[in-house]
Amino acid sequence: MRYTLKDYQADAVADVLRNLAQARDMYDRHGSVSQFSLTATTGAGKTVMASAVIEALFFGSDEFDFPADPTATVLWFSDSPDLNEQSRARIQAAASELDSRLRVIETTFAEDRLRPGNVYFLNTQKLSKNSRLVRGTPEAAPGQDPLFDAPRPDLVQQNIYDVITNTVADEDTTLYFVLDEAHRGMGTSTKDRRTIVQRLINGQGSVPPMPIVFGISATVERFQEAMKDATARTALPPVLVDSALVQASGLLKDDIVLSIPAEDGEFDTVLLRRAVEKIKAASRAWADYAVEQEEPDPVRPLLVVQVGDKPTEEVLVRTLDTIYEEWPALGFDAVANVFGERQNLTVAQQVVPYIEPQRVQDQSHIRVLLAKSAISTGWDCPRAEVLVSFRPARDATHITQLLGRMIRTPLARRIPGNELLNSVDCLLPYFERNTATSVARMLMKGATSTDDEDTDTGGGEGRRVLFDPVELPPNPDIEDAVWAAFDELPTVTIPRRESKPIRRLTALAMAMSKDGLIDDAVDKAHRHLHRALDGRRVQYQEQVAKSRQDVLTMSGEEVRGRIGGGVTYQSFQESADPRAIEDAYRAATRALSPALCSSYVDHLVGPGDDEEDLLEANIVVAALGRVPEIAEAVEVEADQLARQWLNHTRVARKGLSDERQAEYDGLEAQSSQPERISLTRPKAAQADTKERLPDGSERELPTRTLHLMAAEDGTVPVDLNEWERRVLDSEMNQPGFKGWYRNPERATKESLAIAYQDGTGTWKALRPDFIFFATRHDGTVAADLVDPHGHHLADALPKLRGLAEFAEKFADNFRRIESVAETGGALRVLDFTKPHVRAAIGEAHSAKSLYESDIASDY
């Protein structure tokens, strides 16, 4: 893979491969056909995950402990040639091993079967009534829908259904059918499409059913709808990607900013001018960011202007005139259209060329794009940052569809500390507050579906929808000493479900060598692990000797039976041949990693050694990989060294570019236990100024001063419940108070996180509400961590235990670490800096009892 998978992507790929292995086993053993889906929200990288799956199918994967399937053939089916080409290009960009194996089935396809080790792309239109690919299909059996029986064209000896039949009948081929429901196009009627999909999946007449159906979908419901006519298939568990993990990954923009008129009237040109100002401001911000990061090519953000289905010449002229009046420097070649007519426009003597939607992202000279409805399902343009829609309120679905195409982050990562560069703007001249609120609700839901239309807008927990928010730069009233104290605060990683410490250390060593943080880091890492293997080889010499014998011999039983007599069993042993030894070595690489196994062979074989010595070294590695205690011990050594290096370079890594730091963020996230990482100082924030009530009305939010990020007047809006406000006001009135920080709820680098384990043992994040800053008696600035939290929630006690473990390690970094809860009408507080409080939390059975006990005090 050319891309490093995000944690949630790797977990999903592992689950998909597990399902495919089961599906193939069911088909090989019993002829049972099966189906399942990979479901993930827009922007999750479903095609990238599918690429990793296909690469593992064809070539095997040490990372996922998955052997190659030499019989694997993939047939990828979608709704249109454009979508197939888009998917093919994305797979090619993601999977280096698949470059020459991606084949589009054209109408001239003349092979008799699909070949193993290839991905074939087919779409609905090529199976329609008049397509060459289906001519000559035999008559259907009674009671079945007729297949098309047009005569075969000259020189075509079989149609696509013959090809599928031959492929399924081939014992050396396993056909995996990928049904791409995530990128639904509009080229074929629903009825025709359903008939074609049903025929492919179920088979018909002499055409057999697809052995294994792997669906890719944005919603479970959509795949179920596509498969509702499937017959006699085993449904395997769907692979569901948590949308909150997608949002936390940084692949999707965090904030969607809506701008609407505050009064009745015609404001289309007013908001269009505002949209142009926003895209110009975004251009300046990205240019500044590129200079800061020493990047030669800044992101060139795109303004999308959405018009009605039949825009008049007057509307188009007014639109372009307004844009050019506000943006005189805009070139005449910087405007293009993606209208469904697929032709150039002439607007007041200016030619506005048509461009294929999938080309917009790479044509960075295009800065303004004219569009109608959803452009193209499956299209996305990460640099599209501002949308102004002239569609009326009744077209809310069209707006959310298009906005859903614009939610990917331009650099495929979150910009640390900058909420403005992690947002997308949507301006709605023909909306008022009530209808805009309905759009906001749709956007907050992320992936949803209706009977007729897709409203998947991606994202999940952590996304915000804001109405004309106020910008919050760093507050000039906050002293430098407060910011210095903020910079020293600890936060921790949230361990992932599965970690591979040896692979993590190797990747970390490569990164640190590249960045000059540790000289010869790869050699140092491997030498460290070689010593660990040498020591464990002696420590577990008896187990290693037994494993060596297992590598060198193959044990079996010979069964003999006589007619009319009994059955006898006789054991036998044969010496392993080089191929068997190679297989044993390959198994060891899955336990110890290919890189470590290779370097350890070099460690064992000297410069003057011969082929026999090399074979012996491979046998030793194969034997070591079979001893679980050795693999576990080496993983512990790798984990400890990775922690040591990450802690040692924590300050130095702050001087790297954001792109390089993002790589270390991913490596830190692979920790098996919570590990300290750095908190990032916020640079640009934004917040709503009004609270939206259930009836659609609004009221101004109260404000407070001395927040680390503040508007020009020094205030920040506060959206808190009643007792959170009581805590805030109480702290602000304390002697020596210097400032406060509302800790973000979402998983960003500027949010202080505390790891805890829920009832199932899964690691999760607690993000305390407040960090307060005040002067100590000696004049230095101290930080206080205060978290108002309800004791009635199911996760209250696990969170308190996580907070206690955090305080055990980092109490010296804070003056106070406290959790506040309301019980019996009074606020009660637990002070985690006290050892006896932490001990009581470890033994407690409920959070409520802790707040009501003597270890708590009145707040």
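Up top is the structure these notes are about.
Everything quoted here is computed from the prediction, not taken from an experiment.

**Comments concerning the overall build of the protein**
Piece 1. Helix and strand content of the protein: 24 helices and 35 strands.
Piece 2. Residues counted as buried form 53% of the 859 residues belonging to the protein.
Piece 3. Residue pairs at least 24 apart in sequence account for 73% of intrachain contacts in the protein once pairs closer than 6 positions are excluded.

**Description of the side chain of aspartate 425**
Piece 1. Counting through the fold element by element, aspartate 425 comes out in strand S16 (residues 423–427).
Piece 2. A polar side-chain atom of aspartate 425 sits 2.8 Å from a polar atom in the side chain of lysine 278.
Piece 3. Not counting residues within four places of it along the chain, the set of residues in contact with aspartate 425 comprises Val257, Lys278, Glu385, Val386 and Leu387.

**Let's talk about the pattern of salt bridges**
Piece 1. On inspection of all chains with the given rule, the structure shows 60 salt bridges.
Piece 2. Between lysine 749 and aspartate 665 there is a salt bridge whose closest N-O contact spans 3.2 Å. With lysine 749 in the loop between strand S28 (737–742) and strand S29 (754–757) and aspartate 665 in helix H20 (residues 658–668), this residue pair connects regions lying 84 residues apart in the sequence.
Piece 3. Several salt bridges share partner residues, and in doing so they unite Arg103, Glu111, Asp112, Arg113, Arg115 and Asp170 into one network.

**A few points about the side chain of glutamine 661**
Piece 1. Its place among the elements puts glutamine 661 in helix H20.
Piece 2. Not counting residues up to four positions away in its chain, the partners in contact with glutamine 661 are Arg653, Lys654, Leu656 and Lys749.

**Quick word on the packing of helix H8 (residues 268–293) against helix H9 (residues 313–326)**
Piece 1. Where H8 meets H9, the axes come as close as 9 Å, and the angle between the chain directions of the two elements is 45 degrees. Relative to H9, H8 is oriented oblique. In the crossing of H8 with H9, the sense of the turn from one axis to the other is right-handed. Of the residues in H9, those in contact with Asp268, Thr269, Leu272, Arg273, Val276, Glu277 and Lys280 of H8 are Arg318, Thr319, Thr322, Ile323, Glu325 and Glu326.

**Some thoughts on the sheet that holds strand S17 (residues 464–467)**
Piece 1. The strand order across the open sheet built from seven strands is S11-S14-S10-S15-S16-S9-S17, with neighbouring strands paired in parallel fashion. Only two strands of the sheet have a single neighbouring strand rather than two, namely strand S11 (335–337) and S17. Looking at each pair of strands side by side, their axes are set apart by 20 degrees on average, direction ignored.
Piece 2. Two elements, S11 and strand S14 (residues 368–371), share three bridges in a ladder whose sense is parallel. Counterpart to valine 335 in the pairing with S14 is valine 368.
Piece 3. Together, strand S9 (255–259), strand S10 (302–306), strand S15 (384–389) and S16 form the strand contacts of H8, whose direction differs from that of S15 by roughly 175 degrees.
Piece 4. Contacting S10, S11 and S14, H9 crosses the sheet at an angle of about 165 degrees to S14.

**Considering the sheet that holds strand S33 (residues 816–823)**
Piece 1. Ordered by their spatial adjacency, six strands build an open sheet running S28-S31-S32-S33-S34-S35, and the pairing between neighbours is mixed. Each of the sheet's edge strands pairs with one partner strand only, and the pair in question is S28 and strand S35 (857–858).
Piece 2. Of the strand pairs in this sheet, strand S32 (residues 781–788) and S33 are connected by five bridges, and their pairing is parallel. Across the sheet, proline 788 pairs through a bridge with valine 820, a residue of S33.
Piece 3. Relative to S33, helix H22 (residues 796–810) is tilted by about 160 degrees, and along the sheet it contacts S32, S33 and strand S34 (826–831).

**Notes on helix H12 (residues 480–487)**
Piece 1. The complete set of buried residues in H12 reads Val482, Trp483, Ala485 and Phe486. Taken down its axis, H12 places every buried residue within 155 degrees of arc, on the same side.
Piece 2. On its buried face, H12 sits against S28, strand S31 (770–775) and S32.

**Structural notes on the environment of alanine 484**
Piece 1. Structurally, alanine 484 is set in helix H12.
Piece 2. Taking the C-alpha atoms as reference points, alanine 484 and valine 781, separated by 297 residues in sequence, lie 8.7 Å from one another.

**Some thoughts on helix H23 (residues 835–843)**
Piece 1. Of all the positions in H23, only Val837, Arg838 and Ile841 are classed as buried. Projected down its long axis, H23 shows its buried positions confined to an angular sector of 100 degrees, all on one face. For H23, exposure combined with an orientation more than 90 degrees from the buried face picks out Pro835 and Glu843.
Piece 2. Those residues of H23 hidden inside the fold are in contact with H22, S34 and helix H24 (847–852).

**Focus on the packing of aromatic side chains**
Geometry of an aromatic ring pair is reported as the spacing of the ring centres plus the angle between the planes.
Piece 1. In the structure shown here, the tally under the stated rule is 14 aromatic pairs.
Piece 2. Both rings, one in phenylalanine 36 and one in phenylalanine 214, keep their centres 5.2 Å apart while their planes meet at 15 degrees; by these two values the pair is stacked. With phenylalanine 36 in strand S1 (residues 34–39) and phenylalanine 214 in strand S6 (residues 212–217), this residue pair connects regions lying 178 residues apart in the sequence. For the pair formed by phenylalanine 36 and phenylalanine 214, the shared burial category is buried.
Piece 3. Pairing tyrosine 324 with phenylalanine 332 gives two aromatic rings, centres 5.1 Å apart and planes at 25 degrees, and the pair type is stacked.
Piece 4. Since its relative accessible area comes to 14%, tyrosine 324 is described here as buried.
Piece 5. Aromatic rings pair up to connect Phe737, Trp740, Phe770 and Phe772 into one cluster.
Piece 6. Its end group placed over the ring of phenylalanine 339, lysine 372 keeps NZ or CZ at 4.8 Å from the ring centre.

**Considering the nonpolar core**
Piece 1. In terms of nonpolar packing, the biggest core is built from 76 residues, with Leu20, Met49, Trp76 and Phe214 touching the most fellow members.
Piece 2. The dominant element in this core, judged by the number of residues it contributes, is helix H1 (residues 7–30), at ten residues.
Piece 3. Met709, Val727, Leu827 and Ala844 belong to the second-largest nonpolar core, a separate cluster that totals 61 residues.

**Describing the pairing of strand S30 (residues 763–766)**
Piece 1. Sheet analysis places S29 next to S30, joined by four bridges and oriented antiparallel. Of the residues in S30, the one forming a bridge with alanine 755 is alanine 765.
Piece 2. In this structure, the hairpin formed by S29 and S30 is closed by a connection of five residues, where glycine 761 is found at a positive phi of approximately 85 degrees.

Rules and cut-offs
- Residues numbered from 1 in each chain as written.
- Predicted model: local features only at pLDDT ≥ 70, side-chain atom pairs only at ≥ 80, totals over all residues.
- Heavy atoms only, no water.
- Helix = DSSP H or I, 4+ residues; strand = E, 2+ residues; numbered from the N terminus.
- Buried < 20%, exposed > 50% of the residue type's maximum accessible area, 1.4 Å probe, protein only.
- Contact = heavy atoms within 4.5 Å.
- Polar contact = N/O pair within 3.5 Å; in protein donor to acceptor, adjacent residues only side chain to side chain.
- Salt bridge = Lys/Arg side-chain N within 4 Å of Asp/Glu carboxyl O.
- Axes fitted to C-alpha atoms, helices over the stretch in contact; angles between N-to-C directions.
- Parallel < 35°, antiparallel > 145°, perpendicular 65-115°, else oblique.
- Left-handed = near helix turned anticlockwise from the far one by under 90°.
- Pairing = 2+ DSSP bridges.
- Arc of directions from axis to C-beta.
- Phe/Tyr/Trp six-rings, centres within 6.5 Å; stacked < 30°, edge-to-face > 60°.
- Lys NZ or Arg CZ within 6 Å of the ring centre and 35° of its normal.
- Core = buried A, V, L, I, M, F, W, Y, C linked by side-chain atoms within 4.5 Å.

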